[in-house]
Amino acid sequence: RERVGILALQGDVREHARTLEACGVDVVLVRRPSELVGVDALVLPGGESTTIDKLTRIFGMRQPLQERIQDGLAVYGSCAGMILLANEIADPATDSNGNPQQTLGGLDITVRRNAFGRQIDSFETQLLFTALAPKGTQEQALHAVFIRAPWVERVGESVEVLASVEPPAGGQNVRIEGEARAVAVRSQHLLATSFHPEVTGERRIHELFIRMIRGEA
Ligand code: GLN
């Protein structure tokens, strides 16, 4: 069985653990460098990306995480986890000293945080998702929950868009209304979604991730 770590510094760790266990892999909560060593793959949970960013430094995890990601560790980031995997944030938060939040990077995308606007900071929608079926590339419907979610504003050449969504009307970012935005992307061993499959009993994203770990997707 694969040993799948979950970065457990902050965020919805328990929901990811439950989903991964339901998928039949061994779950390891990762808080320190020694716990990262034995994992075959890693999940970066949803939560607050600025907090997780700070805690990775405090726990001495930033460099070990970046090294494993560069070495080809399979990583799945949901929501805040997507932000942490992104090479670039369009609108990074700054701390009280004026330092912008940082990401771990690895995935050649630019994300915008809280992109769907404050008036609709949470919403649910049906997505069409490419590549959920084990071998096919046909699109499948997926019920997705977005909570102060980022979207992907730019994807690099190596990045495949697996799902997009049209921002619901009523958002504050009126200039982009009606334009579909990427909310699920993959580049080789890295997978990221703006939404939270772990909170809806949805297993197919984690199953896709496990197939990626096994080299079957
Ligand atoms: N808005 C959060 C952030 O920027 C992400 C929210 C989430 O993970 N549900 O980190």
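Nothing here was measured: the structure is a model prediction, and the numbers come from that model.

Engineer: Can you lay out the confidence of the model for the chain for me, pointing to particular residues and giving the numbers?
Structural biologist: Detailed reading of the predicted coordinates is not advisable wherever pLDDT falls low. Averaged over every residue, the pLDDT of the chain is 91; the share at 70 or more is 89%. In the predicted assembly, ipTM is 0.95 and pTM is 0.93.

Engineer: So what's going on with the UniProt feature "active site" (unreviewed entry) in the chain? Which residues, and what values?
Structural biologist: Taken from the UniProt record, the annotation "active site" (unreviewed entry) applies to Cys-79, His-196 and Glu-198. Maximum C-alpha separation among the annotated residues is 10.9 Å over a sequence range of 120 residues, consistent with a single clustered spot. Structurally, Cys-79 is set in the loop between strand S4 (74–78) and helix H5 (80–85). Taking the C-beta count within 10 Å as the criterion, Cys-79 has 30 such neighbours and is therefore assigned buried. Once residues within four sequence positions are removed from consideration, Cys-79 is found in contact with Gly-46, Ile-147, Ala-149, Pro-150, Ser-194, Phe-195 and His-196. Tracing the sequence through the fold places Glu-198 in the loop between strand S12 (190–193) and helix H6 (204–213).

Engineer: Please give an account of the site of the ligand that cites residues and values.
Structural biologist: Neighbouring the ligand are Gly-46, Gly-47, Glu-48, Ser-49, Cys-79, Ala-80, Ile-83, Arg-113, Asn-114, Ile-147 and Arg-148. Here the shell around the ligand is composed, by residue class, of four nonpolar, four polar and three charged.

Engineer: Before we move on, could you go through the pairing of strand S1 (residues 3–7) and cite the residues and values that matter?
Structural biologist: Counting buried positions over the five residues of S1 gives four, a clear majority of the element. Regarding the hand of the β-α-β motif, the stretch spanning S1, helix H1 (residues 13–22) and strand S2 (residues 26–30) is right-handed. The pairing of S1 with strand S3 (residues 41–44) spans three bridges and is classified as parallel. Bridging from a neighbouring strand, Gly-5 pairs with Leu-42 of S3.

Definitions and cut-offs
- Residues numbered from 1 in each chain as written.
- Predicted model: local features only at pLDDT ≥ 70, side-chain atom pairs only at ≥ 80, totals over all residues.
- pLDDT = per-residue confidence, 0-100.
- UniProt positions renumbered as here; feature names shortened; annotations may be inferred.
- Helix = DSSP H or I, 4+ residues; strand = E, 2+ residues; numbered from the N terminus.
- Buried ≥ 20, exposed ≤ 12 C-beta atoms within 10 Å, placed from the backbone.
- Contact = placed C-beta atoms within 7 Å.
- Near = placed C-beta within 6 Å.
- Nonpolar A, V, L, I, M, F, W, Y, C, P; charged D, E, K, R; others polar.
- Right-handed = clockwise from strand over helix to strand, strands pointing away.
- Pairing = 2+ DSSP bridges.

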